[in-house]
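# Per-entry structural report
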Protein chains: 2
Amino acid sequence: MPRATRLTTGGARTRKSIREAAVKLFYEQGYEATSLRGVAAEVDLQVGSLYNHINGKEDLLADIMISVMDELLDSVHDAVEAAEPTALARYEAAVGCHIRYHAEHAQQVFIGNSELRSLNEDNRTKVLTKRAEYENLFLRLVKKVAAETGADVIDPKIQAYSVLAQGAHVSSWYRPSGPKSLDKLVGTYIKLAVRELGLPAS
Amino acid sequence: MPRATRLTTGGARTRKSIREAAVKLFYEQGYEATSLRGVAAEVDLQVGSLYNHINGKEDLLADIMISVMDELLDSVHDAVEAAEPTALARYEAAVGCHIRYHAEHAQQVFIGNSELRSLNEDNRTKVLTKRAEYENLFLRLVKKVAAETGADVIDPKIQAYSVLAQGAHVSSWYRPSGPKSLDKLVGTYIKLAVRELGLPAS
DNA sequence: CCTACCGATCGGTAGG
DNA sequence: CCTACCGATCGGTAGG
């Protein structure tokens, strides 16, 4: 039995393909303008067959939006923990991870930032809760930098919002084929974020 | 004839009401999820009657998106010309006007930033051209500040993008009922923008 | 400005 | 996983 792992692949693989097709179409056309027939065609299925893998159109969207927030939270937490144990280094790591994720997952993040309205109350609450958690993560980091360095932070909340705004914007224009290297881009945004705190470049 | 001005009001007033209803519903539900029946109901008309005032659903959207860009361009141009004739003062005026407009017209701007996909090629090109013009306006201002003050601007394009990103973000959360006064908010964003240029607060 | 209608398309389901 | 279908709703139009 050299291929025992294959036992579970068929269904899971199809499910993943459907999700990827949904990300692509939701990004290109928007959730409302995307038909399940379009999603099905993308993975060579008929509409009815989709229902062997998903519970409905909105489930597909909720899945994408919730998992993108989970990934973001995990990534930034990991980046912060891996950084040097100073408040500024941790903040820089968080900003860098935030920008990098938004560039590398531009489609998913863009969907996450534009289709909140299409979720029912239950799913919307779930996503909003995770977003609030993400915001608070940055807010705490900003406040720690201020406490540890004495930086003259004008408004910690706007400061955190500023970083979130840059990420959202990056996800709307970044393409891997662009002229700038991603490392350089991330570095630029980190410098801007540090400057905004009123600190000299490190 | 004490009400001669009324001669032209009837039709124009209805047209304006329809547009305002469309802004409200496009903002709340998104363009695709909004039906012309919903728009009609909002102004106490039947669907068919809308066509005495508009050419179709997309015309309504294109109108909103194009006029928001025209207003933005005019406002910022005016603000720049009214400012003290130093590059930094002009830049500060532009950033302040940008943020203020995005707060005061949050719904229209939010539509402008999220429904590009729903326009046909012709209208999309019109809007994108105006957006490019708007971006260039900020890019030139940043470069002038750098030239005049010797500021160490890391990347003028990203710098301009940063300001645009803040505006888009503000339009997604700002409510007039919020705790912060608009003047104070605008002031905060101006300070952040100046700091990003590597200049001390003025 | 309304009534009544058109063809098209949608999400979802039954039944196999 | 497919065929065939459902009711609902859509943008838009004719005709008055």
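Residues numbered from 1 in each chain as written. Chains lettered and ligands numbered in written order. Predicted model: local features only at pLDDT ≥ 70, side-chain atom pairs only at ≥ 80, totals over all residues. Heavy atoms only, no water.

Per an unreviewed UniProt entry, chain A goes by the name TetR/AcrR family transcriptional regulator and belongs to Gordonia prachuapensis.

### Regarding the packing of aromatic side chains
Residue and element names in this part refer to chain A. Tallying each qualifying case throughout the model produces 10 aromatic pairs over all chains. Considering the side-chain rings of Phe26 and Tyr31, the 5.1 Å spacing of their centres and the 70 degrees angle between planes classify their relative orientation as edge-to-face. Assessed through its relative accessible area of 1%, Phe26 is described here as buried. Judged by its relative accessible area of 6%, Tyr31 is buried. Its end group placed over the ring of Tyr31, Lys57 keeps NZ or CZ at 4.4 Å from the ring centre. (Phe/Tyr/Trp six-rings, centres within 6.5 Å; stacked < 30°, edge-to-face > 60°. Buried < 20%, exposed > 50% of the residue type's maximum accessible area, 1.4 Å probe, protein only. Lys NZ or Arg CZ within 6 Å of the ring centre and 35° of its normal.)

### Considering the interface of chain B and chain A
Interface size is commonly expressed as the accessible area that is lost once the parts come together. The partner chain A presents 32 residues to the 32 residues of chain B that form the contact. The interface formed by chain B and chain A includes 4 salt bridges. Taken together, the connections running from chain B to chain A amount to 11 residue pairs in polar contact (both at pLDDT 80 or more). Listed by contribution, the elements that provide at least two residues to the side of chain B that touches chain A are helix H1 (9-29), helix H8 (156-173) and helix H9 (182-196) of chain B. Counting residues per element, the side of chain B that touches chain A draws most heavily on H8 of chain B, at 9 residues. Grouping the constituent residues of the side of chain B that touches chain A by class yields 14 nonpolar, 8 polar and 10 charged. (Contact = heavy atoms within 4.5 Å. Salt bridge = Lys/Arg side-chain N within 4 Å of Asp/Glu carboxyl O. Polar contact = N/O pair within 3.5 Å; in protein donor to acceptor, adjacent residues only side chain to side chain. Helix = DSSP H or I, 4+ residues; strand = E, 2+ residues; numbered from the N terminus. Nonpolar A, V, L, I, M, F, W, Y, C, P; charged D, E, K, R; others polar.)

### A look at the protein's contact with DNA strand D
Around DNA strand D, the structure places 14 residues, and the nearest of them are Ser49, Asn52 and His53 of chain A together with Arg37 and Tyr51 of chain B. In DNA strand D, atoms within 4 Å of the protein come 50% from sugar and phosphate. Between DNA strand D and the protein, one listed contact pairs a phosphate oxygen with a side-chain N or O atom of His53 of chain A at 3.2 Å. At a separation of 2.7 Å, a base nitrogen of DNA strand D approaches a polar side-chain atom of Arg37 of chain B. Tallied by class, the residues present in the surface near DNA strand D amount to 3 nonpolar, 8 polar and 3 charged. (Near = heavy atom within 4 Å.)

### Notes on the nonpolar core
Core analysis: the largest hydrophobic core is formed by 131 residues, its most contacted members being Tyr91, Tyr134 and Phe138 of chain A together with Tyr91, Tyr134 and Phe138 of chain B. Setting aside residues no more than four positions away along its own chain, Phe138 of chain A makes contact with Val76, Tyr91, Ala94, Val95, His98, Ala160, Val163 and Leu164 of chain A. (Core = buried A, V, L, I, M, F, W, Y, C linked by side-chain atoms within 4.5 Å.)

### So, the protein's contact with DNA strand C
The local shell around DNA strand C holds 14 residues, among which Arg37 and Tyr51 of chain A together with Ser49, Asn52 and His53 of chain B are the closest. Restricting the count to atoms of DNA strand C within 4 Å of the protein gives a sugar and phosphate share of 50%. Contact between DNA strand C and Ser49 of chain B: a phosphate oxygen at 2.6 Å from a side-chain N or O atom of the residue. Taking His53 of chain B, its side chain carries an N or O atom lying 3.2 Å from a phosphate oxygen of DNA strand C. Here the surface near DNA strand C is composed, by residue class, of 3 nonpolar, 8 polar and 3 charged.

### Description of the environment of Ala103 of chain B
Residue and element names in this part refer to chain B. Summarising the element assignment, Ala103 is placed in helix H5 (residues 87-104). Of the residues examined, Ala103 reaches a relative accessible area of 5% and is grouped as buried. As for Ala103 and Ala132, which are separated by 29 residues in sequence, their C-alpha atoms are 21 Å apart. Among all residues touching Ala103, those that are not within four sequence positions of it are Val170, Tyr174 and Leu182.

### Things to note about helix H5 (residues 87-104) of chain A
Relative to the 26 Å expected for 18 residues at 1.5 Å per residue, H5 of chain A spans 26 Å between its end C-alpha atoms, a close match to the ideal helical length. Of all 18 residues in H5 of chain A, 15 are buried; the element is thus mostly enclosed. (Expected span 1.5 Å × (residues − 1).)

### Thoughts on the confidence of the model for chain A
All names here are of chain A. In the predicted model, chain A carries a mean pLDDT of 92, and 93% of its residues have values of at least 70. Predicted confidence in chain A is weakest over helix H1 (residues 9-29), with a mean pLDDT of 89, and strongest over H5, with 98. Overall, residues 1-9 carries pLDDT values under 50, and its contacts beyond four positions in sequence, including any with other chains, amount to 1 contact. (pLDDT = per-residue confidence, 0-100.)

### With respect to the UniProt feature "domain: HTH tetR-type" (unreviewed entry) in chain A
The feature "domain: HTH tetR-type" (unreviewed entry), as annotated in UniProt, sits at residues 12-72 of chain A in this numbering. The span residues 12-72 of chain A carries 74% helix and 0% strand; its end-to-end C-alpha distance comes to 23 Å. (UniProt positions renumbered as here; feature names shortened; annotations may be inferred.)

### Brief notes about the relation of the copies chain B and chain A
Here the second copy of the chain follows from the first by a rotation about an axis and a shift along it. Once turned by 180 degrees and shifted 0.0 Å along the axis, chain B lies on chain A with an RMSD of 0.0 Å. Put plainly, the chains are arranged around a two-fold axis. When the interface residues of chain B are mapped onto chain A, 100% of them again fall at the interface, so both copies present the same face. (Least-squares fit on C-alpha atoms with pLDDT ≥ 70 in both.)

### Let's talk about the pattern of salt bridges
Residue and element names in this part refer to chain A. For the coordinates displayed, the defined rule picks out 12 salt bridges over all chains. Across the salt bridge formed by Asp63 and Arg15, the nearest N and O atoms sit 3.7 Å from each other. In this pair, Asp63 is assigned in helix H4 (residues 57-82) and Arg15 in helix H1, connecting sequence segments 48 residues apart. Owing to a relative accessible area of 41%, Arg15 belongs among the partly exposed residues under this scheme.

### Let's talk about the side chain of Gln159 of chain A
In this structure, Gln159 of chain A sits in helix H8 (residues 156-173). Accessibility expressed as a relative area gives 1% for Gln159 of chain A, which makes it buried. Here Glu196 of chain A takes part through its side chain, which lies 2.9 Å from a polar atom of the side chain of Gln159 of chain A. Apart from the residues lying within four places of it in its own chain, the contact partners of Gln159 of chain A are Tyr91, Val142, Val153, Ala193, Glu196 and Leu197 of chain A together with Leu192 of chain B.

### A short note on unusual backbone geometry
Despite not being glycine, Asp44 of chain A shows a phi value in the positive range, around 55 degrees. Structurally, Asp44 of chain A can be placed in the loop between helix H2 (36-42) and helix H3 (47-50).

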